[in-house]
Amino acid sequence: MKIIAANFKMNGDREFIDNWFQNFNADTENLVIVGLPPIYLESSVQNFNKSNIKIAGQNVSKFNNPGAYTGQMSSAMLNDVGVEFCIVGHSEAREHLCEDNESVYEKYNCLKSFSITPIVCIGESLEVREANNHLHFISDQIEKFSTNEDKIIFAYEPIWAIGSGLVPTQEEIEEMSSHIKSYFSQQVTVLYGGSVNSKNSSEILNMNNIDGVLVGGASLNAEEFANIAQS
Ligand code: PEP
């Protein structure tokens, strides 16, 4: 079983999401996780959660206790409405919301304290890759997690591959997933994300040490995403 995760980002509305789930053919043995905008999480959990389809948040507060954090959503709130997975550390959140490795780790711990499974996104810029610093850069991003005993899900998403149509070579993806896994004594799940579509998904899902994919743009089309989930 692989994990096939969708990230809708800030796309869609109620009607779009209803239609998407109506058109999505969930006939797969893989676990499908759909990351939705926060306002649609509760109704989507009620209407669309199944044993092999789970609704995910796309971000969460780094603060665990209720308080004066205007505009934020806590892990307790996600848990309250039945959300079982949540993306943290997406490069777009790191860029636009100024998130750093420390805050991503805090978010991870908040989610864990409510038994929500975090999907921790990591990935280097093109500049870092071209300087051949990518392994070191990823080590920095995962270092805080290394003493952790839990089973962790990382999504390796090179920033230069997100929404660009560029996909790293098989060797580059396998090098990174082995690097991430070798950092931990316990079992770690590594997804690949960045310009995944139904044409390249089988090849990626067949790679050594890749346990699934995280899909942005191509996940918005239910038929396309079903083809990925069934590949
Ligand atoms: C993402 O944003 O998580 C992502 C992988 O995007 P895309 O599939 O569009 O590259």
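Everything numeric here is computed off the predicted structure, so don't read it as measured data. (Residues numbered from 1 in each chain as written. Predicted model: local features only at pLDDT ≥ 70, side-chain atom pairs only at ≥ 80, totals over all residues. Heavy atoms only, no water.)

Here we look at the pairing of strand 8 (residues 212-215)
Burial of strand 8 is two-sided: the residues Gly212 and Leu214 facing one way and the residues Val213 and Val215 facing the other way are all buried. Where strand 1 (residues 3-7) lies against strand 8, four bridges are found, and the strand directions are parallel. Note that in strand 8 the partner of Ala5 across the bridge is Leu214. Direction of pairing for strand 7 (residues 188-193) relative to strand 8: parallel, over a ladder of three bridges. (Buried < 20%, exposed > 50% of the residue type's maximum accessible area, 1.4 Å probe, protein only. Helix = DSSP H or I, 4+ residues; strand = E, 2+ residues; numbered from the N terminus. Pairing = 2+ DSSP bridges.)

A look at the site of the ligand
Close to the ligand lie 15 residues; Lys9, Glu157, Gly163, Ser195 and Gly216 are nearest. Between Gly163 and the ligand, the recorded distance is 2.6 Å, taken from a backbone N or O atom to an oxygen atom. Take Gly216: an N or O atom from its main chain is 2.8 Å from an oxygen atom of the ligand. The fraction of the free accessible surface of the ligand (300 Å²) that becomes covered by protein chains is 96%. Residues that form the shell around the ligand fall into these classes: four nonpolar, eight polar and three charged. (Near = heavy atom within 4 Å. Polar contact = N/O pair within 3.5 Å; in protein donor to acceptor, adjacent residues only side chain to side chain. Areas by Shrake-Rupley, 256 points an atom, 1.4 Å probe, with all protein chains shown as cover. Nonpolar A, V, L, I, M, F, W, Y, C, P; charged D, E, K, R; others polar.)

Side note on unusual backbone geometry
Of note, Ser195 is a non-glycine position whose phi angle comes to about 60°, a positive value. Relative to the helices and strands, Ser195 is located in the loop between strand 7 and helix 9 (201-205).

Looking at the packing of aromatic side chains
Applying the stated criterion across every chain, the model contains 15 aromatic pairs. Where Tyr105 meets Tyr108, the ring centres are 6.1 Å apart and the plane angle is 10°; that geometry is what we call stacked. Placement of both Tyr105 and Tyr108 in helix 5 (residues 101-113) is noted, with a separation of three residues, approximately one turn of the helix. One exposure class covers both Tyr105 and Tyr108, and it is buried. Between Tyr105 and Phe145 the ring centres are 5.0 Å apart and the planes differ by 90°, which places this aromatic pair in the edge-to-face class. Of this pair, Tyr105 sits in helix 5 while Phe145 sits in the loop between helix 7 (134-142) and strand 6 (152-156), and the two are 40 residues apart along the sequence. A relative accessible area of 17% places Tyr105 in the buried class. Judged by its relative accessible area of 1%, Phe145 is buried. Put simply, the rings of Phe8, Phe16, Trp20, Phe21, Phe24, Phe48 and Phe225 touch in pairs and so form one group of aromatic residues. (Phe/Tyr/Trp six-rings, centres within 6.5 Å; stacked < 30°, edge-to-face > 60°.)

Quick word on the nonpolar core
Grouped burial of nonpolar side chains is what soluble globular proteins tend to show. By size, the foremost hydrophobic cluster in this structure holds 56 residues, and its most contacted members are Phe21, Phe24, Val34, Phe145, Phe154 and Ile180. In terms of residue count, the dominant contributor to this core is helix 10 (residues 222-229) (five residues). Apart from the residues lying within four places of it in its own chain, the contact partners of Phe21 are Val34, Leu36, Phe48, Ile53 and Ile55. Core analysis: the second largest hydrophobic core is formed by 13 residues, Ala5, Cys121, Ile153 and Leu191 among them. (Core = buried A, V, L, I, M, F, W, Y, C linked by side-chain atoms within 4.5 Å. Contact = heavy atoms within 4.5 Å.)

Some remarks on the environment of Cys110
On the secondary structure map, Cys110 appears in helix 5. The buried category is assigned to Cys110, whose relative accessible area is 4%. For the pair Cys110 and Phe63, spaced 47 residues apart in the sequence, the C-alpha separation amounts to 7.2 Å. Ignoring anything within four residues of it in the chain, the contact list for Cys110 reads Ser61, Lys62, Phe63, Asn64 and Ser75.

Here's the deal with the pattern of salt bridges
Applying the stated criterion across every chain, the model contains eight salt bridges. Close ionic contact of Glu102 with Lys144 constitutes a salt bridge, the shortest N to O distance being 3.3 Å. Of this pair, Glu102 sits in helix 5 while Lys144 is found in the loop between helix 7 and strand 6, placing the two residues 42 residues apart along the sequence. For Glu102, a relative accessible area of 38% gives the class partly exposed. With a relative accessible area of 33%, Lys144 lands in the partly exposed category. (Salt bridge = Lys/Arg side-chain N within 4 Å of Asp/Glu carboxyl O.)

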